[in-house]
Amino acid sequence: MPWRTGHRRLGAAETRGLLGEPDPETRLKILDHLDRNCLTFIAHSPFCCMATADASGATDCTPRGDYPGFVRALDERTLLIPDRLGNKLGDSFSNIVENPHVGLLFFVPGVVETLRVNGRAYVTDDGDLRTMLEQDDVRPELATLVEVDEAYLHCGRSLLRSRLWEDDMRDLAQEIPSPGTFWADAAATEGLDAERLDRLFDDGYQELY
Amino acid sequence: MMTRAGGRLLTVTGIDRPARDIVALHLADPAGGPLPEWEPGAHIDVQLITRHLRQYSLCGSPDDRTGYRIAVLRERLSRGASAYVHSYLDVGKKVRVWEPRNHFGLRPAERYVFLAAGVGITPILPMVMRAREAGVPWRLAYSVRTLEEAAFRDELAELGEAVTLRATGTGGRLDLGGFVGDLREGTGVYCCGSPGFVEAAEKAVAGWPEGSFHAERFVPVPRDFGPSEPFVAVCARSDVRVRVDAGVGLLAALRREGVRVAGGCLKGVCGSCAVTVLDGVPQHRDSLLGPGTLDRMHACVSRAATPEIVLDV
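From a predicted model like this one, the values you see are computed outputs, not experimental measurements.

K.L.:
Sorry, what's going on with the overall build of chain A here?
P.N.:
Looking only at helices and strands, chain A features 8 helices and 7 strands. Taking all 209 residues of chain A together, the buried fraction comes to 33%. For chain A, the proportion of contacts with a sequence separation of at least 24, taken over those separated by at least 6, is 64%. Just so you have it, chain A exposes about 13200 Å², and 54% of that area is on carbon and sulfur atoms.

K.L.:
I would appreciate a short explanation of the pairing of strand β11 (residues 213-216) of chain B in the present structure.
P.N.:
Regular strands place their side chains on alternate faces of the sheet. All names here are of chain B. Alignment of strand β10 (residues 187-192) against β11, held across 4 bridges, turns out to be parallel. If you follow Cys191 over to β11, its bridge partner there is Ala215. As for the winding sense of the linkage, the β-α-β connection from β10 through helix α6 (residues 195-204) to β11 is right-handed.

K.L.:
Is there a simple way to think about the domain arrangement of chain A in this case?
P.N.:
Accessible area lost upon the coming together of the parts serves often as the stated size of an interface. By the assigned domains, chain A splits into domain 1 (24-161) and domain 2 (177-206). Centre-to-centre separation of domain 1 of chain A and domain 2 of chain A, based on C-alpha positions: 29 Å.

K.L.:
Honestly, the domain arrangement of chain B in this entry has me stumped. Any pointers?
P.N.:
By the assigned domains, chain B splits into domain 1 (8-97), domain 2 (111-216) and domain 3 (231-311). The centre of domain 2 of chain B, based on its C-alpha atoms, is set 34 Å off from the matching centre of domain 3 of chain B.

K.L.:
Quick question: what am I supposed to make of the pairing of strand β3 (residues 43-47) of chain B here?
P.N.:
Residues and elements named next belong to chain B. In terms of burial, β3 is largely enclosed, as 5 of its 5 residues are buried. Both faces of β3 are covered, namely the face carrying His43, Asp45 and Gln47 and the face carrying Ile44 and Val46. Taken together, the 5 bridges between β3 and strand β4 (residues 53-57) define a ladder with antiparallel strand orientation. Looking at the pairing, Asp45 lines up with Gln55 of β4.

K.L.:
Sorry if this is basic, but what is going on with the environment of B:Leu147 here?
P.N.:
All names here are of chain B. With respect to the helices, strands and loops of the structure, Leu147 is situated in the loop between β8 (138-144) and α3 (153-157). Sequence separation between Leu147 and Ala167 is 20 residues, and the spatial gap between their C-alpha atoms is 5.7 Å. Leave out the neighbours within four places in its chain, and Leu147 touches Arg153, Leu165 and Ala167.

K.L.:
Even after reading the chapter, I still don't get the pattern of salt bridges, so can you show me in this structure?
P.N.:
It is possible for side chains of opposite charge to pair when their charged atoms get near one another. Evaluated as defined, the whole model comprises 28 salt bridges over all chains. Residues A:Arg77 and A:Asp32 are paired through a salt bridge, measuring 3.8 Å at the closest nitrogen-oxygen approach. In this pair, A:Arg77 sits in the loop between β3 (72-75) and β4 (78-82) while A:Asp32 sits in the loop between α2 (24-28) and α3 (36-43), placing the two residues 45 residues apart along the sequence. Here A:Asp32 falls in the partly exposed class, since its relative accessible area comes to 42%. A salt bridge links A:Asp66 to A:Arg84, with the shortest nitrogen-to-oxygen separation between them at 2.4 Å. Residue A:Asp66 is found in the loop between β2 (59-65) and β3, and its partner A:Arg84 is found in the loop between β4 and α4 (91-98); the two are separated by 18 residues along the sequence. Here A:Asp66 matches A:Arg84 in class, with each residue buried. Through salt bridges with shared partners, a single ionic network connects B:Arg20, B:Asp21, B:Arg74, B:Arg145 and B:Glu149.

K.L.:
Can you help me understand the interface of chain B and chain A in this one?
P.N.:
Listed per partner, the contact involves 19 residues of chain B and 21 residues of chain A. In total, chain B and chain A occlude about 1800 Å² of area from one another, counting both sides; carbon and sulfur atoms represent 52% of this. At the boundary of chain B and chain A, one finds 3 salt bridges. The shortest N-O distance in the salt bridge between B:Arg79 and A:Glu134 comes to 3.3 Å. One can count 8 residue pairs in polar contact (both at pLDDT 80 or more) joining chain B with chain A. Elements represented by at least two residues in the side of chain B that touches chain A include exactly α1 (81-88) and α7 (250-256) of chain B. With 4 residues, α1(B) is the single largest residue contributor to the side of chain B that touches chain A. In the side of chain B that touches chain A, the residues fall into 8 nonpolar, 5 polar and 6 charged.

K.L.:
Can you help me understand the packing of α3(A) against α1(B) in this one?
P.N.:
Packed helix pairs are specified by the crossing angle of their axes together with the interaxial distance, meaning the distance between the axes. Where α3(A) meets α1(B), the axes come as close as 12 Å, and the angle between the chain directions of the two elements is 140°. With respect to each other, α3(A) and α1(B) are oriented oblique. The two elements α3(A) and α1(B) meet at a crossing, and its hand is left-handed. In contact with A:Arg36, A:Leu39, A:Thr40 and A:Ala43 of α3(A), α1(B) contributes B:Tyr84, B:Ser87 and B:Tyr88. Broken down by class, the residue content of the contact of α3(A) with α1(B) amounts to 4 nonpolar, 2 polar and 1 charged.

K.L.:
When you look at the side chain of B:His86 in this model, what are you seeing that I'm missing?
P.N.:
With respect to the helices and strands, the residue B:His86 is situated in helix α1. Engagement of the side chain of B:His86 in a polar contact is seen with the backbone nitrogen of B:Arg74, the distance being 3.1 Å.

K.L.:
Can you walk me through the sheet that holds β3(A) in this structure?
P.N.:
The strands that make up a sheet pair up through hydrogen bonds in the backbone, lying either parallel or antiparallel. Residue and element names in this part refer to chain A. Here we have 7 strands laid out as an open sheet, ordered β2-β1-β5-β6-β7-β4-β3, and antiparallel in their pairing. Unpaired on one side and paired on the other, β2 and β3 mark the two borders of the sheet. Within this sheet the neighbouring strands show an average axis-to-axis angle of 30°, counted without direction. Of the strand pairs in this sheet, strand β5 (residues 101-107) and strand β6 (residues 114-124) are connected by 6 bridges, and their pairing is antiparallel. Bridge pairing links Phe106 to Leu115 in β6. Set on the sheet, α3 makes contact with β3, β4, β5, β6 and β7 (143-154); between it and β6 the angle comes to about 75°. Sheet contacts for α4: β1 (47-53), β2, β5, β6 and β7; angle to β1, the most-contacted strand, approximately 50°.

K.L.:
How should α6(B) be read in this particular structure?
P.N.:
Owing to its 3.6 residues per turn, the α-helix brings residues three or four apart onto one side. All names here are of chain B. Every buried residue of α6 is listed here: Phe197, Val198, Ala201 and Ala204. For α6, the arc enclosing every buried residue in end-on projection is 115°, short of the 170-degree limit, so these residues lie on one face. Contacts made by the buried residues of α6 are with β7 (111-117), β8, α5 (176-180), β10 and β11.

K.L.:
For this particular structure, what's the right way to read the sheet that holds strand β1 (residues 8-19) of chain B?
P.N.:
All names here are of chain B. Ordered in space as β4-β3-β6-β1-β2-β5, the 6 strands form an open sheet in which the pairing is antiparallel. With partners counted over all chains shown, the strands left at the sheet margins are β4 and β5 (68-73), one partner each. Going across the sheet, the axis of each strand differs from the next one's by a mean of 40°, ignoring polarity. Of the pairings in the sheet, the one linking β1 to strand β2 (residues 22-28) comprises 6 bridges and is antiparallel in character. Following the sheet pairing, Gly14 is matched in β2 by His26. This element, α1, spans β1, β2, β4 and β5 of the sheet and lies at about 110° to β5.

About the cut-offs
- Residues numbered from 1 in each chain as written.
- Chains lettered and ligands numbered in written order.
- Predicted model: local features only at pLDDT ≥ 70, side-chain atom pairs only at ≥ 80, totals over all residues.
- Heavy atoms only, no water.
- Helix = DSSP H or I, 4+ residues; strand = E, 2+ residues; numbered from the N terminus.
- Buried < 20%, exposed > 50% of the residue type's maximum accessible area, 1.4 Å probe, protein only.
- Contact = heavy atoms within 4.5 Å.
- Areas by Shrake-Rupley, 256 points an atom, 1.4 Å probe, with all protein chains shown as cover.
- Pairing = 2+ DSSP bridges.
- Right-handed = clockwise from strand over helix to strand, strands pointing away.
- Domains from an automatic or database assignment.
- Salt bridge = Lys/Arg side-chain N within 4 Å of Asp/Glu carboxyl O.
- Buried area = accessible area lost by both parts, 1.4 Å probe.
- Polar contact = N/O pair within 3.5 Å; in protein donor to acceptor, adjacent residues only side chain to side chain.
- Nonpolar A, V, L, I, M, F, W, Y, C, P; charged D, E, K, R; others polar.
- Axes fitted to C-alpha atoms, helices over the stretch in contact; angles between N-to-C directions.
- Parallel < 35°, antiparallel > 145°, perpendicular 65-115°, else oblique.
- Left-handed = near helix turned anticlockwise from the far one by under 90°.
- Arc of directions from axis to C-beta.

Below, the structure written as structure tokens:
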């Protein structure tokens, strides 16, 4: 029997029973907008992950990164996310047009807490909004506008346990196959060899906007 | 994200609001040391902790070596830096600053006419002060949409009748032709403002002697250079030859090959990316240099007029 099946599946009550109840104060930190602290976090964050789902609920989680503050808070309920040069698969966009719900997790290097922002998004090509997202003289073609429903700081234990920001953790990187290896192994197609694909990555990485 | 070598961290020692939507930042060496000298018209590159790099005119006094003053407009469609400065920069925070540069220097003249619009007053103000100290006759027209947008009004008020402050929202546009007058010989005209304002000023001095008119621009002069041709940049110091294809800029092509060149506005208005030309002919597409300049070029937008150009990079 494969590992992924056959185990006891818990329902909500059993799961809650094992997890325990949160402190009553914990829920108080959940805001329905971005307060000054959240705005400050986002204004200094160079990286976030964005979770989206299609109409059926199948999810994608994608990384977004740029200059700190690249996700622009237009006001306390509105975020603007640029679409920078990527692989053009557009998974997040095809999800958002089917299902507006998005979950964002913002990181600031050196800070163990992360900022969680949930909301509803749409994709736009509005000229003014794209102008505000111009970077290195390149204006993105698309932008994602997020109406904020929830925002709160997530505690730092996971980043403390993982020692994510510690320099000595970087020795892990050498154990990871190159991106060309990932691609070549996944594609298993003649002509797509890892070395060639790595060169494509290297070239592509020279052009960030 | 561009990281740029050099520069020094300066502390924000004061912030005030010389007009609605403008903050003035006072910057000083954290150790209290003197700052590099500058002349009216100079600007500095300022890099925020967010790594956004922008150019701001120095609008304090060149005689004050202990601090710089710059003014930052809150832009409705800020691309990040202006919004950050207005929302998050505080006294005690630090910014990275490079040596002042000047493409807008005040040249000797028998009299000066200064034309400023909006936040364009920033490079003009030290020029006015310099002219006044030197005892050279001058007058200033300062155009704003509303009086609340007029910066440094206290300082300007002390200068008396030589200043014409015009709120175009209520008072209509300035008659720039009438203001500059017709005493063309020996008059230096210095202008800074929106593209429309600079264009209007340029029209007002049409036919004046060569070298009478000087403008500082925030956006490039729109010009058509025809199709871009590929060329080869020979990098003398790095000992590499870089092919610059038609669709690629010189700065981008150099960086791709690992040749480090500073970048600034990337639009050909700030001059941060100047490189020395050793051989070949540059085709200047920036708003600073003309065809007469053969020994340097701005790599962000300019190209080569010869199949090869040799650069000291």
